[in-house]
Amino acid sequence: MTSKADYTDEEWTRLKRAPFVAGMAISLSDPGGPIEAIKETAATLRVVMEEAEGGTHGDLVGEVAREVKEEASARKNPLRDFKPTSGATASVEILDELRETNRIVSEKATADEAQAMRAWLLAAAQESANAAKEGGFFGFHAKRVSEGEQKMLDSLAEVLAAPQ
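The structure reproduced in this document is the subject of the present report.

With that settled, consider the overall build of the protein chain. Of the regular secondary structure elements, the protein chain holds 6 helices and 0 strands. Starting at the N terminus and ending at the C terminus, the protein chain contains elements arranged as α-α-α-α-α-α. Its C-alpha atoms give the protein chain a radius of gyration of 15 Å, within 12% of the compact-globule value 15 Å for 164 residues. Seen through its principal axes, the protein chain has C-alpha atoms that stretch 50 × 35 × 30 Å. The proportion of buried residues among the 164 residues of the protein chain is 41%. Taking the intrachain contacts of the protein chain between residues at least 6 apart in sequence as the baseline, contacts between residues at least 24 apart amount to 73%. For the protein chain, the computed accessible surface area is about 8700 Å², with 53% contributed by carbon and sulfur atoms.

Following this line, the structure appears as structure tokens:
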């Protein structure tokens, strides 16, 4: 089993912010209003907190989630060191960040831990996508997951695939 001691400070920081970066990917893929953004962010935070309180993604993910929970209680922003540029390059930067996170866990974690981390990040993104209905008029004909969000979920699945 790997633990925080097996990672550099920079690598560990990337692991801690990764679920929020995955949630951010969804928010930026189909920007809604402030209420949608809050719901999507809250969904990502909920995934992290559930894991911190005894989730099912194993010891490494649990250790990461518990540290994020402690920092959140101290009002530390997990995204403080990650600020993608605005516009078209933001999604590229987000995918690159998650690609690097995947590389780190693929190289340093056990195969099971790496797969659990990937699954956790995809779960955070999916919960964010499911958090708020998109489109429609006053909720009529709105979709749970918009076309843009689904495209981003597909891109995240590719970026977070196990290396061959």
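Glancing now at the nonpolar core. Leu 98, Met 117, Trp 120 and Leu 156 are the most contacted members of the largest nonpolar core, which has 39 residues in total. Contributing elements (two or more residues each) for this core: α1 (9-29), α2 (34-52), α3 (58-73), α4 (89-108), α5 (111-130) and α6 (147-159). Top element by residues in this core is α1. It accounts for 9 residues. Those residues within four positions of Leu 156 in sequence are excluded, and the remaining contacts are Ala 22, Ala 25, Ile 26, Leu 95, Leu 98, Leu 122 and Ala 125.

Two residues of an α-helix separated by three or four positions point the same way, owing to the 3.6 residues in each turn. Here α6 spans 18 Å end to end across 13 residues, near enough to the 18 Å set by a 1.5 Å rise per residue. Taken together, the buried positions of α6 are occupied by Glu 149, Met 152, Leu 153, Leu 156 and Val 159. For α6, the buried positions fall inside an angular range of 125° around the axis, keeping them on one side. Exposed residues on α6 whose side chains face more than 90 degrees from its buried face are Glu 147, Lys 151 and Glu 158. Residues of α6 that are buried in the fold lie against α1, α2, α4 and α5.

A word on the packing of aromatic side chains. Each aromatic ring pair is characterised by the separation of its centres together with the angle its planes make. A full pass over the atoms with the stated rule returns 1 aromatic pair. Judged by centre distance (5.8 Å) and plane angle (45°), the rings of Tyr 7 and Trp 12 are tilted. Relative accessible area serves as the criterion here: at 6%, Tyr 7 is assigned to the buried category.

Criteria and cut-off values
- Residues numbered from 1 in each chain as written.
- Predicted model: local features only at pLDDT ≥ 70, side-chain atom pairs only at ≥ 80, totals over all residues.
- Heavy atoms only, no water.
- Helix = DSSP H or I, 4+ residues; strand = E, 2+ residues; numbered from the N terminus.
- Rg over C-alpha atoms; globule rule 2.2 N^0.38 Å.
- Buried < 20%, exposed > 50% of the residue type's maximum accessible area, 1.4 Å probe, protein only.
- Contact = heavy atoms within 4.5 Å.
- Areas by Shrake-Rupley, 256 points an atom, 1.4 Å probe, with all protein chains shown as cover.
- Core = buried A, V, L, I, M, F, W, Y, C linked by side-chain atoms within 4.5 Å.
- Expected span 1.5 Å × (residues − 1).
- Arc of directions from axis to C-beta.
- Phe/Tyr/Trp six-rings, centres within 6.5 Å; stacked < 30°, edge-to-face > 60°.

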